[in-house]
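Chain and residue survey
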Amino acid sequence: MKTLSKGIIVIFIFIDVILFGKILLAGKNIQVLNPKGIIALQERDVAFVALFLMLLIIIPVFIWAFYVGTTYHEGNKWAKYTPEWDHSTKLQIFIWAFPISIICLLCVLNWVTAHKLDPSVAIASTNKPITIQVVATRWKWVFIYPQQKIATVNLVEFPENTPVHFELSASDTPMNSFWIPQLGGQIYAMSGMSTQTHLMADSVGSYRGENTEINGAGYAEMTFTAQSVTQNDFNNWVTSVKQSSNPVLNLDTFNKLAQPSQDNPVTYYSSTQDNLFTTIVTKYLAPGKGMEGM
């Protein structure tokens, strides 16, 4: 029995060490551990700090479990036998005070970073931010550029080192979750309302974007590409899209585009209807007394 107990403890410790080591070694292949933006970098650092604080509790627990399992067993003739001992104030204080202190530190860490990394807070930068409006449909992503008056499907492009203000909504679809792991955390996109997040890429690159909310048959293919390019390349890209023979994205075109479909190719629209995003968001609002003067 004692051999089995020690063996189980050793196995658990070995598994934890191996898993933790594999995570660290595979960091470059795990998107959230390989940030390419200021927001994702801070989120990764917070995760590492929180992990370190939790390990301060977990590691001593495993060490203590191993010590108890190897020391206090029937075959150990050198273990101290103390049948009258049933309480230690110092031990109880240590057992409870240490984890409580760690929990308090985690609470402070989460409170501070939750406000610091609030997705509604704009990113400070010397470069002028751009706005990209995102509409989730079944099962594709539509990106509208209100300043450039173009639109794309399943591809979003923006300049490097430039804050991007994403305004998000959805159309005729269950809840969606917009996420570019290497640039920042997820944010929900829901029909009839508008949410927002601010992201910025610190270098040129191509990043995977996805929907992390299971919402139907085409959920697995509801991915997109986020491309960070130089400012000149972005300007040239916008010009090429505007001068192309691609169709115009208006409300009628969008309603057809919003019909359920899977594995949609990247599509470009050379121009867009004014205030299209607002029209999509507010189409679910019933007329009321408060809207008579609007």
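Residues numbered from 1 in each chain as written. Predicted model: local features only at pLDDT ≥ 70, side-chain atom pairs only at ≥ 80, totals over all residues. Heavy atoms only, no water.

**Observations concerning the sheet that holds strand E10 (residues 223-229)**
Stated formally: Two strands pair if DSSP finds at least two bridges between them. Strands are runs of DSSP state E lasting at least 2 residues, helices are runs of H or I lasting at least 4, and numbering of each runs from the N terminus. Helix axes are fitted only over the stretch in contact, all axes being lines through C-alpha atoms; the angle between N-to-C directions runs from 0 to 180 degrees.
The sheet built from five strands is open, its strands ordered E4-E10-E9-E6-E7 with mixed pairing. Every interior strand has two partners, whereas the edge strands, strand E4 (155-159) and strand E7 (187-189), have only one. Within the sheet, the average angular offset between the axes of one strand and its neighbour, ignoring direction, is 25 degrees. When strand E6 (residues 176-179) meets E7, the two strands line up antiparallel, connected through three bridges. Across the sheet, residue Phe-178 finds its bridge partner in E7, namely Ile-187.

**Comments concerning the packing of helix H2 (residues 38-71) against helix H3 (residues 89-116)**
For clarity, the threshold we go by: We call two directions roughly parallel when the angle between them is under 35 degrees, roughly antiparallel when it is over 145, roughly perpendicular when it lies between 65 and 115, and oblique otherwise. Here, residues are in contact when the closest pair of their heavy atoms is within 4.5 Å. Three categories are distinguished: nonpolar for Ala, Val, Leu, Ile, Met, Phe, Trp, Tyr, Cys and Pro, charged for Asp, Glu, Lys and Arg, and polar for the others, with Gly belonging to the last.
Close contact between H2 and H3 brings their axes to 9 Å; oriented N to C, the two are set at 175 degrees. By the criterion of interaxial angle, the relationship of H2 to H3 is roughly antiparallel. Counted together, Gln-42, Val-46, Val-49, Ala-50, Leu-53, Met-54, Leu-56 and Ile-57 of H2 and Phe-98, Pro-99, Ile-102, Leu-105, Leu-106, Leu-109, Thr-113 and Lys-116 of H3 form the full contact between these two elements. Across the contact of H2 with H3, the residue classes break down as 13 nonpolar, two polar and one charged.

**Quick notes on H2**
Note the cut-off: Here the expected length of a helix is defined as 1.5 Å per residue gap, with one fewer gap than residues. Here the bend at a residue is taken as the angle between two axes, fitted respectively to the seven residues that end there and the seven that start there. Each residue gets one of three labels from its accessible area relative to the maximum for its type: buried under 20%, exposed over 50%, partly exposed in between, using a 1.4 Å probe on protein chains only.
A rise of 1.5 Å per residue sets the reference length of H2, with its 34 residues, at 50 Å; its end C-alpha atoms lie 49 Å apart and thus fit the reference within 8%. Of all the bends in H2, the greatest measures close to 30 degrees and is centred on Leu-55. Ile-39, Ala-40, Val-46, Ala-50, Leu-53, Gly-69 and Thr-71 are the residues of H2 that are buried.

**Observations regarding the side chain of Asn-215**
What counts here: N or O atoms within 3.5 Å of each other form a polar contact, as long as, within protein, one can give a hydrogen and the other can take it, and as long as residues adjacent in sequence are counted only when both atoms are side-chain atoms.
Here Asn-215 shows up in the loop between strand E9 (205-211) and E10. Looking at Asn-215, its side chain comes within polar contact range of the side chain of Asn-176, at 2.6 Å.

**A word on the sheet that holds strand E8 (residues 195-199)**
If you trace the six strands from one edge of the open sheet to the other, you get E8-E5-E1-E2-E3-E12, paired in mixed fashion. Two strands bound the open sheet, and with one partner strand each, they are E8 and strand E12 (267-269). Recorded for the sheet is a direction-independent mean angle of 20 degrees between the axes of neighbouring strands. Pairing between strand E5 (residues 164-170) and E8: five bridges, direction antiparallel. Considered in E8, the bridge of Val-164 is made with Leu-199. Strands in contact with helix H4 (residues 231-242) are strand E1 (130-137), strand E2 (140-145), strand E3 (150-153) and E12; relative to E3, the strand with the most contacts, it is inclined by about 95 degrees.

**A word on the pattern of salt bridges**
Think of it this way: side chains of opposite charge can pair up when their charged atoms draw near. Definition in use: Within this document, salt bridges are pairs made up of a side-chain nitrogen of Lys or Arg and a carboxyl oxygen of Asp or Glu, the two lying within 4 Å of each other.
In total, this model carries four salt bridges according to the counting rule given. Salt-bridge contacts for Asp-45 lead to Arg-44; the nearest nitrogen and oxygen are separated by 3.3 Å. Given a relative accessible area of 34%, Asp-45 falls into the partly exposed group. Take Arg-44: its relative accessible area is 22%, and that puts it in the partly exposed class.

**Let's talk about the nonpolar core**
Quick note on the threshold: Here, nonpolar core refers to any group of buried Ala, Val, Leu, Ile, Met, Phe, Trp, Tyr and Cys residues whose side-chain atoms link them within 4.5 Å.
Core analysis: the biggest nonpolar cluster contains 35 residues, and Ile-132, Phe-143, Val-156, Phe-158, Phe-166 and Phe-178 have the highest contact counts within it. When near neighbours in sequence (up to four residues on either side) are disregarded, Phe-143 contacts Ile-132, Gln-133, Val-134, Ile-150, Ala-151, Thr-152, Asn-154, Leu-155, Val-156, Phe-178 and Phe-224. Listed in part, the 14 residues of the second largest apolar core include Val-135, Ala-151, Leu-257 and Phe-277.

**Remarks on the packing of aromatic side chains**
Short version of the rule: Pairing of aromatic side chains here covers Phe, Tyr and the six-membered ring of Trp, requires ring centres within 6.5 Å, and sorts the geometry by plane angle: under 30 degrees stacked, over 60 edge-to-face, intermediate tilted.
Per the counting criterion, the structure on display carries twelve aromatic pairs. Ring centres of Phe-178 and Phe-224 lie 5.3 Å apart, and the angle between their planes is 10 degrees; this geometry places the pair in the stacked category. Taken together, the positions of Phe-178 in strand E6 and Phe-224 in strand E10 put the pair 46 residues apart, joining distant regions of the chain. Neither residue differs from the other here; Phe-178 and Phe-224 are each classed as buried. Measuring from centroid to centroid gives 6.0 Å for Phe-234 and Trp-237, while their planes differ by 35 degrees, and the two rings are tilted. Here Phe-234 and its partner Trp-237 are both found in helix H4, three residues apart, which amounts to about one turn of the helix. The exposure classification of Phe-234 matches that of Trp-237, with both residues buried. Taken together, the ring pairs connect Trp-141, Phe-143, Phe-158, Phe-166, Phe-178 and Phe-224 into an aromatic cluster.

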